[in-house]
Amino acid sequence: MSWILFTLGAVVMQTLRNALQSQLSAHVSTSGVTLARFLFAPPIAAIYLGLLYYFSGQAVPTFSQQFLWVIALAATLQIAATALMVVLFKQKNFAVGAGLAKSEALVAGVVGTLFFGSQLSLIGWLGIFVGAAAVFVLSGGGKKGELSLKTVGIGLACGSCFALTSLYVREAAHMLDVPFPHSAAWVLLWVLCVQASLLLAYIAIKNPHTFTLLKQHGRATLATSLTSCLGSICWFSAMALHHVAYVKTLGQIEVLLTILIAVFWLKNPVKKHEIIGLLLIASAAVMVMWA
């Protein structure tokens, strides 16, 4: 059940990263906040991979053309998902914005079954749908005035991009001829290098002033990259070991930590429907752990 420990570790790191990104978005553009996630992550991932080879030697895998295409897709989709998440922060309060992006678990279950050969159990599907119901409740439960159609659309697009990223990451890890955890670490390093390169080039051309802003908020930028990379190590490891839909459903307990941060750090009020949503998330988590 190592995937459970990796997922819980990812939840903690991602919650911290989201909080840092939310604060950084008050000073830096969406593209800049997105870059902050990846800017210092590649060297951290390289150190992690180096430690794996130091303590447990393996051959360097062969990187096929198909593998590189899958990496490119995963990297691009995650950039889009991260940018959409930052936009969500500006559309609604922090807790609800993060909750909307959790639609990724349901998308991963459906798309994974249809196109990626995932085989999920009945109790696993039930847990995924309970998790989806929790997302609906957390987003306001359809109450008039709680949520705009624009915010719902951005949230679903964000969740879909995250889901496809995860499915392609799992696919890429299974293409390599090295065992876990080396396979997951190689995929992580490749994805981060592609993402950092794309974003650096884009911002250098479109908005070079962003680099000055990130330098002015250097500590927050470094902390965002560090927590993001550590979280990605855990996510990529969990998804290499188990079905993406189960990992992402269990990962919905992130909303619990998110709401705690929203209340005690960002001073956002907690609502009754958010408490109900948390109970549903707990139920969904138990179901997928038993699946």
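Residues numbered from 1 in each chain as written. Predicted model: local features only at pLDDT ≥ 70, side-chain atom pairs only at ≥ 80, totals over all residues. Heavy atoms only, no water.

Caption draft 1: Broad picture of the packing of aromatic side chains. All told, the structure shown has nine aromatic pairs when counted by the stated rule. Ring centres of Phe67 and Trp190 lie 6.3 Å apart, and the angle between their planes is 85°; this geometry places the pair in the edge-to-face category. Within this pair, whereas Phe67 is found in helix α4 (residues 65-91), its partner Trp190 is found in helix α9 (residues 182-206), the two being separated by 123 residues in sequence. Residue Trp190 is classed as partly exposed on the basis of its relative accessible area, which comes to 28%. Ring pairing ties together the aromatic residues Tyr53, Phe63, Phe67, Trp186 and Trp190, which thus form one cluster. Lying over the aromatic face of Trp235, Lys248 brings its terminal NZ or CZ to 3.9 Å of the ring centre. (Phe/Tyr/Trp six-rings, centres within 6.5 Å; stacked < 30°, edge-to-face > 60°. Helix = DSSP H or I, 4+ residues; strand = E, 2+ residues; numbered from the N terminus. Buried < 20%, exposed > 50% of the residue type's maximum accessible area, 1.4 Å probe, protein only. Lys NZ or Arg CZ within 6 Å of the ring centre and 35° of its normal.)

Caption draft 2: Broad picture of the environment of Leu68. On the secondary structure map, Leu68 appears in helix α4. Considered as a pair, Leu68 and Ala172 are 104 residues apart in the sequence and their alpha carbons are 8.5 Å apart. The contact partners of Leu68, leaving out residues within four places of it in the chain, are Phe63 and Trp190. (Contact = heavy atoms within 4.5 Å.)

Caption draft 3: Examining unusual backbone geometry more closely. Residue Phe180 is joined to Pro181 through a cis peptide bond whose omega torsion reads 5°. Relative to the elements of secondary structure, Pro181 occurs in the loop between α8 (149-175) and α9.

Caption draft 4: The nonpolar core, seen in detail. Grouped together as the largest cluster of nonpolar side chains are 60 residues, with contacts concentrated most on Trp186, Val187, Val191, Leu192, Phe236 and Met239. Among the elements that make up this core, the one with the highest residue count is α9 (ten residues). Formed by nine residues, the second largest nonpolar core is a distinct cluster that contains Met85, Leu88, Cys158 and Cys161. (Core = buried A, V, L, I, M, F, W, Y, C linked by side-chain atoms within 4.5 Å.)

Caption draft 5: Just the packing of α8 against helix α11 (residues 218-241), in detail. Here α8 crosses α11 at 70°, and the two axes come no closer than 9 Å. With respect to their mutual orientation, α8 and α11 come out roughly perpendicular. Crossing geometry of α8 relative to α11 is assigned as right-handed. Packed against α8, whose contacting residues are Ser166, Val169, Arg170, Ala173 and His174, the element α11 presents Phe236, Met239, Ala240 and Leu241 at the interface. Among the residues forming the contact of α8 with α11, the class breakdown is six nonpolar, two polar and one charged. (Axes fitted to C-alpha atoms, helices over the stretch in contact; angles between N-to-C directions. Parallel < 35°, antiparallel > 145°, perpendicular 65-115°, else oblique. Left-handed = near helix turned anticlockwise from the far one by under 90°. Nonpolar A, V, L, I, M, F, W, Y, C, P; charged D, E, K, R; others polar.)

Caption draft 6: Local environment of helix α6 (residues 104-115). Look at α6: 15 Å from first C-alpha to last across twelve residues, which is about the 16 Å you get at 1.5 Å a residue. Along α6, the residues that are buried comprise Glu104, Ala105, Ala108, Gly109, Val111 and Gly112. The first or second residue beyond α6 is Gly117, which carries a positive phi of 75°. (Expected span 1.5 Å × (residues − 1).)

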